[in-house]
Protein chains: 2
Amino acid sequence: MQECLFCKIASGAIPSKKVYEDADFFAFEDIAPQAPTHILIIPKKHIPTLNDITEADGPMMGRLMVLASKIARERGLDAKGFRLLANCLEPAGQSVFHLHFHLMGGRVFRWPPG
Amino acid sequence: MQECLFCKIASGAIPSKKVYEDADFFAFEDIAPQAPTHILIIPKKHIPTLNDITEADGPMMGRLMVLASKIARERGLDAKGFRLLANCLEPAGQSVFHLHFHLMGGRVFRWPPG
């Protein structure tokens, strides 16, 4: 997706504070952090939203969850706690239409979650 | 886990407003909804938190993500938008220590997410 901001970040065409990368995933610091730790985790595959994942994406999505848990541990959030979330469409707050999970921790979170 | 609230809900020992069930997952209405649609999706396997998922849980976690997307669609949230999230430990708001994802939609969500 030539015009997708997060595809450009994952490819390195646009710089970011990279946290993790492998063949399938890219993780980087959110540019407007809302918690002491605020990392975005994305699949390199361009999937616009959670509406667009298929059965075939299941294994990749599972690996993304395991990766999120690992990154949380590396940042010490396994002791401090963290909130993991994805927004689907504008009413939920999605602003970049490339699927991404927010991994946020290091503070107390309120309820409801926005 | 004999004393786990969500294990008891998944087994039917404690009643709930069931949304979905199969061999691996159970979904039900949150008892204190924070949005017009607020559903909890859990694995039947007793996993306390996101800290506790292993590589072996990856495929199951992926199916949970695909299921969340499907339930969202069935509730019309694929058009309205939704927020999907999990809290890990008390500082993040986790109150039941059986892994669960909140599927919330039908209203506008604020940022930060709690």
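The sections below set out a description of the structure shown in this document. Every value quoted in this text rests on a predicted model; they were computed, and no experiment measured them.

### Observations concerning the sheet that holds strand 1 (residues 18–21) of chain A
As summarised here, the arrangement of the ten strands in space is 1(A)-2(A)-3(A)-5(A)-4(A)-4(B)-5(B)-3(B)-2(B)-1(B), forming an open sheet in which the pairing is antiparallel. Every other strand in the sheet has two partners, leaving strand 1 of chain A together with strand 1 (18–21) of chain B as the edge strands with one partner each. Mean inter-strand twist for the sheet, computed between neighbouring axes without regard to direction, equals 20°. Note: strand 2 (residues 25–29) of chain B against strand 3 (residues 37–43) of chain B, five bridges, orientation antiparallel. Bridge pairing links F26(B) to I42(B) in strand 3 of chain B.

### Description of the interface of chain B and chain A
Listed by partner, the interface residues are 42 residues for chain B and 41 residues for chain A. Around 3600 Å² of area is buried between chain B and chain A when both sides are counted, 60% of it from carbon and sulfur atoms. Among the residues chain B hides against chain A, the three largest losses belong to P91(B), W111(B) and G114(B). Together they make up 16% of the total. The interface formed by chain B and chain A includes two salt bridges. Of the charged contacts, one joins K70(A) and E55(B) as a salt bridge, the two residues approaching to 2.5 Å between their closest N and O atoms. The tally of links from chain B across to chain A stands at 24 residue pairs in polar contact (both at pLDDT 80 or more). Looking at the side of chain B that touches chain A, the elements that each hand over two or more residues are helix 2 (58–74), helix 3 (77–80), strand 4 (82–88) and strand 5 (101–105) of chain B. With eight residues, helix 2 of chain B is the single largest residue contributor to the side of chain B that touches chain A. The residue makeup of the side of chain B that touches chain A, split by class, is 22 nonpolar, twelve polar and eight charged.

How each quantity is defined
- Along each chain, residue indices are assigned from 1 in the same order as the chain's sequence is written.
- Chain labels run from A onward and ligand labels from 1 onward, assigned in the order the entries are written.
- Per-residue local features are limited, in this predicted model, to residues with pLDDT of at least 70; the limit for side-chain atom pairs, both in listing and counting, is 80 or more; totals at the level of whole chains, interfaces and linings are taken over all residues.
- Hydrogens and waters are ignored; side-chain quantities use all the structure's heavy atoms.
- In this scheme, strands are said to pair when DSSP sees at least two bridges between them.
- Helix numbers and strand numbers start at the N terminus; a helix is a DSSP run of H or I with at least 4 residues, a strand a run of E with at least 2.
- Here an angle of 0 to 180 degrees is reported between the N-to-C directions of two axes, which are lines fitted to C-alpha atoms, with helices fitted over the stretch in contact.
- Should any heavy atoms of two residues lie within 4.5 Å, those residues are counted as being in contact.
- Here the quantity called buried area is the total loss of accessible area, with a 1.4 Å probe, experienced by two parts when brought into contact, counted for both.
- Salt bridge criterion: a side-chain nitrogen from Lys or Arg within 4 Å of a carboxyl oxygen from Asp or Glu.
- Polar contacts, as counted here, are pairs of nitrogen or oxygen atoms within 3.5 Å of one another; within protein the pair requires one atom able to donate a hydrogen and one able to accept it, and residues that are adjacent in sequence qualify only if both atoms are side-chain atoms.
- Residue polarity follows a fixed list, in which Ala, Val, Leu, Ile, Met, Phe, Trp, Tyr, Cys and Pro are nonpolar, Asp, Glu, Lys and Arg are charged, and the others, Gly among them, are polar.

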